[in-house]
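Chains, contacts and geometry: an overview
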Amino acid sequence: MIILKSPWEIDLIRKSGRIVAEALARLTKLVEPGITTLDLDLVAEEYILKRGGTPAFKGYRGYPYTLCASVNEQVVHALPSERKLREGDIISLDLGAIVDGYYGDAAVTVPVGQVSAEAKRLIDVTQESLQRAIEAARPGNRLSDISHAVQSAVEAEGFAVVRVFVGHGIGRSLHEEPQIPNFGPPGHGPVLKTGMVLAIEPMVNTGSPDVMILEDRWTAVTCDKSLSAHFEHTVAVTENGTEVLTSLNGRG
Ligand code: MF3
Ligand code: CO
């Protein structure tokens, strides 16, 4: 069942989403050669707590940190560590916060110093695919219009969409129905309605779409070691179009 949210519930998700957006903006500025992913995790946790939120991932199914910090061939869910970022890396920062019981969830991928032309293009294409998906998340469209928007934007550029992880409904839980695959034909699935709140999150690889999980039981990596990028926004479907709840300007 897809749980529709009232305007006051959306307002709470807007609050948790804003904290996530501000924290990610702050982390993005800190990304540079030499900083560790654990440093970034600590900044994220302190910032969320300072703003009156609660880290959403810490303790979720036993996840031990506030931030997921996935570098290069790491796709998602990499654990913060003493690993130092190096010039030319790319890092995906995935973060969630809770305010008064309501979750916000977002991710960005950031270059560390100067990166290869391919890495830069991967980041741009993944971000653009999320933007196209957000435009497809309007009342009257169907769920798979979102999926199709991601897939077509990504594959037109010669990259591959990860299939085993999906976006999701979000609200009083981090993961609610519906699941939102990042691929598929348009025109299928539930009709999108005002009051739906969705976390849309394309994960895109330069090589094969296949991923595997490391022995730490969290970190997902590309099987062929190709680079991977991840962007995510929590959005509300409203009469006046789609509101991005995890951006600083409501648009993405
Ligand atoms: N954005 C991710 C998701 O929606 C973050 C979950 S990480 C976890 O699944 F640690 F909380 F599992
Ligand atoms: Co998510």
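Quick notes on the packing of aromatic side chains
Tallied over the entire structure, the rule returns three aromatic pairs. An angle of 75 degrees between the planes, with centres 6.4 Å apart, marks the rings of W8 and Y102 as edge-to-face. Here W8, found in helix α1 (residues 7-30), pairs with Y102, found in strand β5 (residues 102-111); they are 94 residues apart in sequence, far enough to count as distant. Judged by relative accessible area, which is 57%, W8 ranks as exposed. Look at Y63 and Y65: their rings are 6.4 Å apart centre to centre, the planes differ by 75 degrees, and that puts the pair in the edge-to-face class. Residue class for Y65 comes out partly exposed when judged on its relative accessible area of 24%.

A few points about the sheet that holds strand β12 (residues 220-222)
Sheet architecture is open: three strands sit in the order β3-β12-β11, paired in antiparallel fashion. Edge strands, defined here as strands with exactly one partner in the open sheet, are β3 (74-76) and β11 (211-213). Between one strand axis and the next, the sheet turns by 40 degrees as a mean value, whatever way the strands run.

Observations concerning the coordination of the cobalt ion (ligand 2)
The protein atoms that coordinate the cobalt ion (ligand 2) are D105 (OD), H168 (NE2), E201 (OE) and E232 (OE), at distances spanning 2.1 to 2.3 Å. In this structure, the cobalt ion (ligand 2) is surrounded by six donor atoms whose angles at the metal cover 66 to 170 degrees, and the resulting shape is irregular. Going along the chain, you hit the donors of the cobalt ion (ligand 2) in the pattern D-x62-H-x32-E-x30-E. Here D105 is found in strand β5, whereas its partner H168 is found in strand β7 (residues 167-169), with 63 residues between them in sequence.

What about the state of the cysteines?
Per the counting criterion, the structure on display carries zero disulfides. The thiol of C68 is unpaired, and the distance to the nearest cysteine sulfur, on C223, comes to 19 Å. Judged by its relative accessible area of 4%, C68 is buried. Overall, the relative accessible area of 39% leaves C223 in the partly exposed class.

With respect to the nonpolar core
In this structure, I90, L122, I146, L198 and I200 are the most contacted members of the largest nonpolar core, which totals 30 residues. Counting residues per element, this core draws most heavily on helix α3 (residues 117-136), at eight residues. Setting aside chain neighbours within four positions, we find I146 in contact with A133, A136, A137, I180, L192, L198 and I200. Of all hydrophobic cores here, the second largest spans 23 residues; its members include A23, L67, A106 and V110.

Topic: the site of ligand 1
Lining the immediate environment of ligand 1, one finds F57, Y60, Y63, C68, H77, D94, D105, H168, H175, E201, W218 and E232. One of the side-chain N or O atoms of D94 is found 2.7 Å from a nitrogen atom in ligand 1. Contact with the protein chains covers 95% of the free accessible surface of ligand 1, which is 330 Å². Judged by the proximity of its atoms to the pocket grid, ligand 1 belongs to the largest pocket.

Details of the pattern of salt bridges
By the definition in use, this model includes 10 salt bridges. Close ionic contact of D11 with R14 constitutes a salt bridge, the shortest N to O distance being 2.8 Å. One end of the pair is D11 and the other is R14, both in helix α1 and three residues apart, which spans about a single turn. By relative accessible area, which is 32% here, R14 ends up partly exposed. The shortest N-O distance in the salt bridge between D11 and K15 comes to 3.2 Å. One end of the pair, D11, and the other, K15, are both in helix α1, four residues apart, so they sit about a helical turn from each other. Residue classification places D11 among the partly exposed positions, given a relative accessible area of 30%. Judged by relative accessible area, which is 44%, K15 ranks as partly exposed.

Observations concerning the environment of L93
Relative to the helices and strands, L93 is located in strand β4 (residues 90-99). L93 sits in the buried class, given a relative accessible area of 0%. Residues L93 and S228, 135 residues apart in the sequence, show an inter-C-alpha distance of 12 Å. Not counting chain neighbours up to four residues away, the residues in contact with L93 comprise L24, L27, T28, V31, L40, L67, C68, A106, A107, V108 and V110.

Reading the values: the criteria
Residues numbered from 1 in each chain as written. Chains lettered and ligands numbered in written order. Predicted model: local features only at pLDDT ≥ 70, side-chain atom pairs only at ≥ 80, totals over all residues. Heavy atoms only, no water. Phe/Tyr/Trp six-rings, centres within 6.5 Å; stacked < 30°, edge-to-face > 60°. Helix = DSSP H or I, 4+ residues; strand = E, 2+ residues; numbered from the N terminus. Buried < 20%, exposed > 50% of the residue type's maximum accessible area, 1.4 Å probe, protein only. Pairing = 2+ DSSP bridges. Axes fitted to C-alpha atoms, helices over the stretch in contact; angles between N-to-C directions. Donors = N, O, S within 2.8 Å, 3.2 Å for Na, K, Ca; no water. Tetrahedral: all angles 85-135°; square planar, octahedral: opposite > 155°, others 65-115°. Disulfide = S-S within 2.5 Å. Core = buried A, V, L, I, M, F, W, Y, C linked by side-chain atoms within 4.5 Å. Contact = heavy atoms within 4.5 Å. Near = heavy atom within 4 Å. Polar contact = N/O pair within 3.5 Å; in protein donor to acceptor, adjacent residues only side chain to side chain. Areas by Shrake-Rupley, 256 points an atom, 1.4 Å probe, with all protein chains shown as cover. 1 Å grid on protein atoms, 1.4 Å probe; cavity = no way out; pocket = protein on both sides within 12 Å on 5 of 7 lines; lining within 4 Å. Sits in = over half its atoms within 2 Å of the grid points. Salt bridge = Lys/Arg side-chain N within 4 Å of Asp/Glu carboxyl O.

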